[in-house]
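# Understanding the architecture of this molecule
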Amino acid sequence: MKKVLVACGNGIATSTVVAEKIREACKENGVDVSVTQCKLMEVESKAEGYDLMVTTGMFTGGKVNVPVVGAISLLTGFGEEETIEKILSYLK
Amino acid sequence: MEIIYSVFNTLLGAGPIVLLPIIITIIGLIFRVKVIKAFRSGLIIAIGFAGIKLVISLLSDNLGPAAKAMVQNFGIKLDILDVGWGAIAAVTWSSPIIPLLIAGILLTNVIMLAFKLTDTLDVDIWNYHHMAIVGIMVYFVTGNVFIGLGAAVVMAIISFKLADWTAPAVEKYFGIPGISLPTMSALSSVIIAAPLNKLIDQIPVVNKIDFSAKDAQKYLGFFGEPIFMGLILGAGIGALAEYKLTDIFALGVNMAAVMILIPKMTSLFMEGLMPISEAAKKLTKEKFKGRKFLIGLDAAVVVGDSTVITTALIIIPLTILMAAIIPGNRVLPFADLAVIPFRVALVVALCKGNLFRSILIGLVCTSAILLAGTATSPVLTGLASSVGIDLSASGGISSFAATSLTVSYLVYTAFVSNLMISLPILAAVIIGVWIYIEKNYKGNKQDGGAEAIKEV
């Protein structure tokens, strides 16, 4: 099973939206995945052991050793499919 | 009619746990969500409310007596507990008038878009709670639904306009085009930051100061981690309360638990509201096809910026210090220290990343939040108690949201004062600022120079 960390400002609002969309897309594509949410300020200590980190906005605040995908399109609704494809490409 | 009235009253008396599934189902149906899905949303949100209630009593029962002991021992009068915005959002969504306020706010957005009075399309229903809470508190005080609705609508108008005006700064500094941030928790700081930033521009020498603090994250990083934040603050207050060593540690661990559990419970609200929010997005996007607009997003999308994080990490400990020394403040900063990045994000953008200015102005903003939080705590405490949250162990509650936010405080104050005098002043100020900004910053409207709003 692949592990995804979704980070946003407070670990509540936008990360829930993005996490739900990732779960849905993975289910549709038969990818076994576990999605965890957290705050952006915590990622440096939390990211280890995950296969992918997805941020809901811009992120310049720290270094992590996992691939990072920005997913603001999942909030605005423009370019949503491309971002989902990109996320899935890391998880297949 | 009488039957309807008595059914309504029975439901009101039953409290949010019963009311929430019904209210949310109604809101869901308005946005054409299927009945079962809407009801499921309501149920999840009611569960979130039950959870929030538990965590707030854990906070109030443990931290409340310790804060009181601290006041007795050292005279540091910080007895109003900051329970965090999540608890406030829970109170907001469980108000019986919330469907009316949500409809009013959404309609305000649609009308303003239709008449080209705003470019912001805001269907982020979740964040409507920042606007709605002002209406709910006004309704709680005045008992008049229409005055409450009026307050929420005015909050909405100000949110959309400030979002419009700050969008260029957001695009320029954070590099995200096509969006605006109608999140009052972030926008409110702008009415302090814009004039202050301009003032600093005029002061020789000071206007050149800037420094960087690239090691701040290394040394202050634990202020960004809720578990350590909770542990340290809890243990610190336990020590000031002159507890036994084991009790000091117990308070620390309990407060770390609160810090972790509040967001978990709040995320249930978000999960429940998501289907409704998505449906609203679809519905309004169809209505305004072809029109170019700014998509209103949660300010969470910009708080990942490194200068925002650094500024927040420095401001968090300074805010705790300010809380102890500002005369008149009684708010003990706690749960909302975790969302300081939201309060400073737009300050950083307006100051173009100048760390010196961001910290200085950010501190003024958090100090204003503490004072407004102290002033409106009795109303918020009364409102929370009325929906069954037990706060008897503490000296009242507050947060860094609701009417603690500068803009919300001013709108709230205007609507609970003598309306004949306060409303014309409020209207004049808003319209004045509106004309001033749109005239002076046409095409480059990045300074939300809402100086005058402060004077209400």
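Residues numbered from 1 in each chain as written. Chains lettered and ligands numbered in written order. Predicted model: local features only at pLDDT ≥ 70, side-chain atom pairs only at ≥ 80, totals over all residues. Heavy atoms only, no water.

## Remarks on the interface of chain A and chain B
At the interface, 28 residues of chain A touch 35 residues of chain B. In this assembly, chain A packs against chain B so that about 2,600 Å² is buried in total across both faces, 69% of it on carbon and sulfur atoms. Counting the surface chain A buries against chain B, the share from its top three residues, Ile12, Met41 and Met58 of chain A, is 27%. Run the count over chain A and chain B and you get one salt bridge. The interface formed by chain A and chain B contains four residue pairs in polar contact (both at pLDDT 80 or more). (Contact = heavy atoms within 4.5 Å. Buried area = accessible area lost by both parts, 1.4 Å probe. Salt bridge = Lys/Arg side-chain N within 4 Å of Asp/Glu carboxyl O. Polar contact = N/O pair within 3.5 Å; in protein donor to acceptor, adjacent residues only side chain to side chain.)

## Re the sheet that holds strand β1 (residues 80-82) of chain B
Residue and element names in this part refer to chain B. Strand order in this open sheet of three strands is β5-β1-β6, and the pairing throughout is parallel. Where the open sheet ends on each side, the last strands, each with one partner, are β5 (331-332) and β6 (397-398). Pairing geometry for β1 and β5, over two bridges, is parallel. Paired with Ile80 across the two strands is Val331, which belongs to β5. (Pairing = 2+ DSSP bridges. Helix = DSSP H or I, 4+ residues; strand = E, 2+ residues; numbered from the N terminus.)

## Concerning the packing of helix α6 (residues 129-142) of chain B against helix α7 (residues 145-174) of chain B
Residues and elements named next belong to chain B. For the pair α6 and α7, the least separation of the axes is 7 Å and the interaxial angle reads 155 degrees. Considering the angle they form, α6 stands roughly antiparallel to α7. In this structure, α6 crosses over α7, and the sense of that crossing is right-handed. Between α6 and α7, the contacting residues are His130, Met131, Ala132, Val134, Gly135, Val138, Tyr139 and Thr142 on the first element and Val145, Ile147, Gly148, Ala151, Ala152, Met155, Ala156, Ser159 and Phe160 on the second. Among the residues making up the contact of α6 with α7, the classes are represented as twelve nonpolar, five polar and no charged. (Axes fitted to C-alpha atoms, helices over the stretch in contact; angles between N-to-C directions. Parallel < 35°, antiparallel > 145°, perpendicular 65-115°, else oblique. Left-handed = near helix turned anticlockwise from the far one by under 90°. Nonpolar A, V, L, I, M, F, W, Y, C, P; charged D, E, K, R; others polar.)

## Some remarks on the pattern of salt bridges
All names here are of chain B. By the definition in use, this model includes ten salt bridges over all chains. Residue Arg357 is joined to Asp201 by a salt bridge in which the shortest nitrogen-to-oxygen separation is 2.9 Å. Residue Arg357 is located in helix α15 (residues 355-386), and its partner Asp201 is located in helix α9 (residues 190-202); the two are separated by 156 residues in the primary sequence. Taking relative accessible area as the criterion, Arg357 reaches 7% and is therefore assigned buried. In this structure Asp201 comes out as partly exposed when scored by relative accessible area, which is 39%. (Buried < 20%, exposed > 50% of the residue type's maximum accessible area, 1.4 Å probe, protein only.)

## Some thoughts on the pairing of strand β2 (residues 33-39) of chain A
Residues and elements named next belong to chain A. Looking at chain direction, strand β1 (residues 2-8) and β2 are connected through seven bridges and run parallel. Bridge pairing links Val6 to Gln37 in β2. Each parallel crossover has a hand, and the one from β1 via helix α1 (residues 13-28) to β2 is right-handed. (Right-handed = clockwise from strand over helix to strand, strands pointing away.)

## Focus: the packing of aromatic side chains
All names here are of chain B. A full pass over the atoms with the stated rule returns three aromatic pairs over all chains. When the ring of Trp85 is compared with that of Trp126, the centres are 5.9 Å apart and the planes differ by 75 degrees; the resulting orientation is edge-to-face. With Trp85 in helix α4 (residues 85-93) and Trp126 in the loop between β2 (120-121) and α6, this pair connects stretches of sequence that are 41 residues apart. In terms of burial, Trp85 and Trp126 fall into one category: buried. Measuring from centroid to centroid gives 5.0 Å for Tyr173 and Phe174, while their planes differ by 85 degrees, and the two rings are edge-to-face. A relative accessible area of 24% means that Tyr173 is categorised as partly exposed. The buried category is assigned to Phe174, whose relative accessible area is 5%. (Phe/Tyr/Trp six-rings, centres within 6.5 Å; stacked < 30°, edge-to-face > 60°.)

## Focus on the layout of surface pockets
Taken as a whole, the largest pocket spans an internal volume of roughly 1,000 Å³. The wall of the largest pocket is formed by 29 residues, among which Lys21 and Glu24 of chain A together with Lys37, Glu278 and Ala279 of chain B lie closest to the centre. Listed by contribution, the elements that provide at least two residues to the lining of the largest pocket are α1 and α4 (80-91) of chain A together with α3 (35-74) and α12 (245-287) of chain B. At eleven residues, the largest contribution of residues to the lining of the largest pocket is made by α12 of chain B. Taken together, the residues of the lining of the largest pocket sort by class into ten nonpolar, three polar and 16 charged. Lining the second largest pocket are 25 residues, and of these Asn10 of chain A together with Met259, Ile260, Pro263 and Lys264 of chain B sit closest to its centre. Those elements that provide at least two residues to the lining of the second largest pocket are β2 of chain A together with α4 and α12 of chain B. A per-element tally of the lining of the second largest pocket places α12 of chain B first, with eight residues. (1 Å grid on protein atoms, 1.4 Å probe; cavity = no way out; pocket = protein on both sides within 12 Å on 5 of 7 lines; lining within 4 Å. Points joined across faces, edges and corners; volume = space filled by probe spheres on them.)

## Details of unusual backbone geometry
Residue and element names in this part refer to chain B. The phi dihedral of Arg32 is positive, around 60 degrees, even though this residue is not glycine. Residue placement: Arg32 occurs in the loop between α2 (16-30) and α3. Of note, Glu242 is a non-glycine position whose phi angle comes to about 60 degrees, a positive value. Along the chain, Glu242 falls in the loop between α11 (226-240) and α12.

## Brief notes about the confidence of the model for chain A
When pLDDT is averaged along chain A, the result is 88, and 99% of the positions lie at 70 or above. Between the elements of chain A, mean pLDDT differs from a low of 85, seen in helix α2 (residues 43-46) of chain A, to a high of 94, seen in strand β3 (residues 52-55) of chain A. (pLDDT = per-residue confidence, 0-100.)

## Some details on the environment of Ala414 of chain B
Residues and elements named next belong to chain B. Its location among the elements puts Ala414 in helix α16 (residues 406-416). When its relative accessible area of 2% is taken as the criterion, Ala414 is described as buried. A C-alpha to C-alpha distance of 8.5 Å links Ala414 and Ile425, two positions eleven residues apart in sequence. Apart from residues no more than four positions distant in its own chain, Ala414 is found in contact with Leu419, Ser422 and Leu426.

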